[in-house]
Amino acid sequence: MRRLPSFRVGALATLLVAGTLSLPACGHGRHRVLEVAYVSAPQAGLRDQVAAMYNRVGNVKNGERVEVLDREKRFARVRTASGIEGWIEQRYLVDQKIYDALQKLTQENQNDPVQAPGVLRNDTNLHVTPGRETEHLYQLASGAKVALLKRATEEKQPGAPPPKPTAKSGAKSGSGSALEDWWLVRDDQARVGWVLARMVDVDVPLEIAQYAEGQRFVAFFVLDQVPDSDKGVQKQVPQYLCVLTNPHDGLPYDFDQIRVFTWNLRKHRYETAYREHGLTGVLPVTVTREDFDKEGNLPVFIVRVKDDAGNVSERKYKLNTPIVRRVLAPGEVPARPARKRRGQS
């Protein structure tokens, strides 16, 4: 057998090692990560190929993080955290920027005071900003409970011609388009986002909801509880502050009325202890307690109102059941009662 020179053996070994090392590199190049994305559909299937005939290789769910490996027309090849790879329609994915925007929105509003609990009427998208065409990631299921935090308005159909005016039409923007209300909500997983207001019902207790009198409940708060004994049954009955407005979208204020419902211990029913109209109110409303010397520790609520120049000021009230009185700040002069707006009862 003929022996090769030692220098040729060394060179051959080097080439074999280099070739071996290059193989994984080529394979890795075919599956390099282009970007990270998140699944915006409630659930979607992964297919083995982009073709009319394909096999399902796995499933992904709403909010799941995936790595994008390749793109082809309307599809993206992705890899899940468990290592499954497959093709998915790109319309079911959103990028890292949208995910980060929702995370930021959640962090900024995580400690906002809850204005009311709500229940979703239908499956509803959680948007980054108000608007039907704005970006979204998470989808909340019909019947899901959410906490209502803030209200906003947005054009119903941006760029659309103004609708014909009707007696029941809501407010319009400067461009003439109809406006609709949106709620910033927090779900049971502490995620925060905007939902269309007509998709969520304020979960008002039935015993006070019956007193709406054609007005829309915007928010409500338990001020305190009083003990009651009716037919031998002992119970604690909540007393409420309710925030209401006319039942139209797009109004330039969050609410224009407040009502306080106290419990009549003798008649065992709710009664209106205080009512104020004509407010140009903005959320949030704050409820707390405060000491008032001989009166003791009482429930207190603070509402915020705008003047004609858009400046916001606070008004404090105290409840010494069944009396509600305004608490004036040092040097504050009580304002004249606001006139009712046209059409108010």
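Here, the structure is the one placed above.
Everything quoted here is computed from the prediction, not taken from an experiment.

S.K.: What exactly am I supposed to notice about the pattern of salt bridges here?
M.R.: Side chains that carry opposite charge are capable of pairing whenever their charged atoms lie near each other. By the definition in use, this model includes 24 salt bridges. Note that Arg132 is salt-bridged to Glu180, the shortest N-O span being 2.9 Å. With a gap of 48 residues between them, Arg132 in the loop between strand S9 (124-127) and strand S10 (136-140) and Glu180 in strand S12 (residues 179-186) connect regions that are remote in the sequence. What makes Arg132 partly exposed here is its relative accessible area of 38%.

S.K.: Even after reading the chapter, I still don't get helix H2 (residues 96-108), so can you show me in this structure?
M.R.: Three- or four-residue spacings in an α-helix give side chains the same orientation, since the helix completes a turn every 3.6 residues. Over its 13 residues, H2 runs 18 Å from end to end, which matches the ideal 18 Å to within 8%, given 1.5 Å per residue. Taken together, the buried positions of H2 are occupied by Ile98, Leu102, Leu105 and Thr106. Mapping the buried residues of H2 onto a view down its axis gives an arc of 100 degrees, with all of them on the same face. In H2, the exposed residues that point more than 90 degrees away from the buried face are Lys97, Lys104, Gln107 and Glu108. Contact partners of the buried residues in H2: strand S7 (93-95), S9, S10, S12 and strand S13 (192-196).

S.K.: How do you make sense of unusual backbone geometry when you look at a structure like this?
M.R.: For residues other than glycine, phi is negative in most cases, and the peptide bonds are mostly trans. That bond from Leu283 to Pro284 is cis: its omega, 10 degrees, falls within 30 degrees of zero. In the segment running from Thr321 into Pro322, the intervening peptide bond is cis, with an omega of 0 degrees. Relative to the assigned elements, Pro322 resides in the loop between strand S21 (312-320) and strand S22 (323-327). Unlike most non-glycine residues, Ala190 shows phi in positive territory, near 70 degrees. Relative to the helices and strands, Ala190 is located in the loop between S12 and S13.

Scoring rules and cut-offs
- Residues numbered from 1 in each chain as written.
- Predicted model: local features only at pLDDT ≥ 70, side-chain atom pairs only at ≥ 80, totals over all residues.
- Heavy atoms only, no water.
- Salt bridge = Lys/Arg side-chain N within 4 Å of Asp/Glu carboxyl O.
- Helix = DSSP H or I, 4+ residues; strand = E, 2+ residues; numbered from the N terminus.
- Buried < 20%, exposed > 50% of the residue type's maximum accessible area, 1.4 Å probe, protein only.
- Expected span 1.5 Å × (residues − 1).
- Arc of directions from axis to C-beta.
- Contact = heavy atoms within 4.5 Å.

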